[in-house]
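Here's the letter readout for the chains.
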Amino acid sequence: MNLLELAGISVDFETNKGTLSAVKDVSMTVKKGDFISIVGPSGCGKSTLLNVIGGFLPPTEGEILESGSPLTGPGRNRGVVFQKPALYPWLNVVQNVAFGLKLRGMPKNDINSSVKENLERVHLSDFGHMHPYELSGGMQQRVAIARILANDPEILLMDEPFGALDVLTREHLQDELLKIWRETHKTVLLITHSVEEAIYLSTSVYVMSELPGRILKKIDTPFSTDYRDRDSREIKSLPEFVALREEVLSYIWS
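Everything numeric here is computed off the predicted structure, so don't read it as measured data. (Residues numbered from 1 in each chain as written. Predicted model: local features only at pLDDT ≥ 70, side-chain atom pairs only at ≥ 80, totals over all residues. Heavy atoms only, no water.)

K.L.:
Go over the overall build of the chain with me, naming the residues and quoting the values.
P.N.:
A tally of regular secondary structure across the chain gives nine helices and 10 strands. Relative to its length of 254 residues, the chain is compact, with a C-alpha radius of gyration of 18 Å against a globular reference of 18 Å. The dimensions of the chain, computed from C-alpha atoms along their principal axes, are 50 × 45 × 40 Å. Residues classed as buried in the chain amount to 51% of the 254 residues present. (Helix = DSSP H or I, 4+ residues; strand = E, 2+ residues; numbered from the N terminus. Rg over C-alpha atoms; globule rule 2.2 N^0.38 Å. Buried < 20%, exposed > 50% of the residue type's maximum accessible area, 1.4 Å probe, protein only.)

And the structure:
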């Protein structure tokens, strides 16, 4: 059974100038353990589609099945990481990561264990006492990822999580995310403007058209699974990587 099935998803918005079709007839399947990236021109409906999958926005047409059952709203099985970390500034790092677990009434020992494990996973064990405003943008995003992982969703929905970061921090967090995916076997759906990022991290890349956003092409990518023993910069300079990047770009620019 597929973890997610999107069938004929369309999203329309009513504006002062009439109906705006943001997403049109999108269908895709997501299997457990997939790392799927969605790329396309700016404003093509990528984030709108992610909001539908997250359960925050109902589709105008179509249906989404989650493990065979209709998806009707947000759920604990889907955790969302936004472009901005959206941390609680009055809480320190440990309290931010523990927040959802406390709401669920998890025993204190289990909360402490989960927080410790996930801060170690994002290399922030020594920063638990600090508040978000004392951290860099990259560190804040790592806290946001740790908070989502602590809640143990099966699916991570990520909307341009590294888009506001400098190049070096972004590349470092790409490698950390890839390591987390390999360790946890989570299913990941990533929205990104970076074709290179999508090809490097994913098992499959979906390319969307300009508005109304449609799926132009699904392209399978081997680099996150078959090139584990190579450095990221070496991978991104390989002729086969460059060729795949140019193929994806050809669909976006066409």
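K.L.:
Any details on the pattern of salt bridges? Residues and values, ideally.
P.N.:
For the coordinates displayed, the defined rule picks out 14 salt bridges. A salt bridge links Glu-120 to Lys-116; the shortest N-O distance between them is 2.7 Å. With Glu-120 and Lys-116 both in helix α3 (residues 108-121) and four residues apart, this pair spans about one turn of that helix. Glu-196 is paired through a salt bridge with Arg-245; the nearest N and O atoms lie 3.6 Å apart. Of the two residues, Glu-196 sits in helix α6 (residues 195-201) while Arg-245 sits in helix α9 (residues 239-253), which places them 49 residues apart along the sequence. Through salt bridges with shared partners, a single network forms among Glu-117, Arg-121 and Glu-183. (Salt bridge = Lys/Arg side-chain N within 4 Å of Asp/Glu carboxyl O.)

K.L.:
Which residues make up the sheet that holds strand β3 (residues 35-39), and what are the values?
P.N.:
Hydrogen bonds between backbone atoms are what pair the strands of a sheet, whose relative direction is either parallel or antiparallel. Spatially, the six strands line up as an open sheet ordered β6-β7-β8-β3-β9-β10, and their pairing is mixed. One side of each edge strand has no neighbouring strand; the edge strands of this open sheet are β6 (78-81) and β10 (215-220). Along the sheet, successive strands turn relative to each other by an average axial angle of 15°, direction set aside. Lying on the sheet, helix α4 (residues 137-150) is in contact with β6 and β7 (155-159); it crosses β6 at an angle near 175°. (Pairing = 2+ DSSP bridges. Axes fitted to C-alpha atoms, helices over the stretch in contact; angles between N-to-C directions. Contact = heavy atoms within 4.5 Å.)

K.L.:
Break down the nonpolar core for me, with residues and values.
P.N.:
Residues Ile-145, Met-158 and Val-248 are the most contacted members of the largest nonpolar core, which totals 51 residues. Top element by residues in this core is α4. It accounts for eight residues. Excluding residues that lie within four positions of it along the chain, Val-248 makes contacts with Val-39, Val-195, Ile-199, Val-207 and Ile-219. Judged by nonpolar contacts, the second largest core, of 26 residues, contains Ile-9, Met-28, Ile-155 and Met-208. (Core = buried A, V, L, I, M, F, W, Y, C linked by side-chain atoms within 4.5 Å.)

K.L.:
If you had to explain a negative patch on the surface to someone new, which residues and values would you point to?
P.N.:
There is a patch of like negative charges on the surface, built from Asp-12, Glu-14, Asp-25 and Glu-61. Take Glu-14: its relative accessible area is 65%, and that puts it in the exposed class. (Patch = residues over 30% accessible without salt bridge, like charges linked within 9 Å, V, L, I, M, F, W, Y side chains within 5 Å. Areas by Shrake-Rupley, 256 points an atom, 1.4 Å probe, with all protein chains shown as cover. Lys, Arg positive; Asp, Glu negative; His and termini not counted. Charge placed at Lys NZ, Arg CZ, Asp CG, Glu CD.)

K.L.:
Provide a residue-level description of helix α1 (residues 46-54), including the pertinent values.
P.N.:
The element α1 is extensively covered by neighbouring structure, given that seven of its nine residues are classed as buried. Considered for burial, the residues of α1 that qualify are Lys-46, Thr-48, Leu-49, Leu-50, Val-52, Ile-53 and Gly-54. Of the residues one or two after α1, Gly-55 is the one with positive phi, at around 90°.

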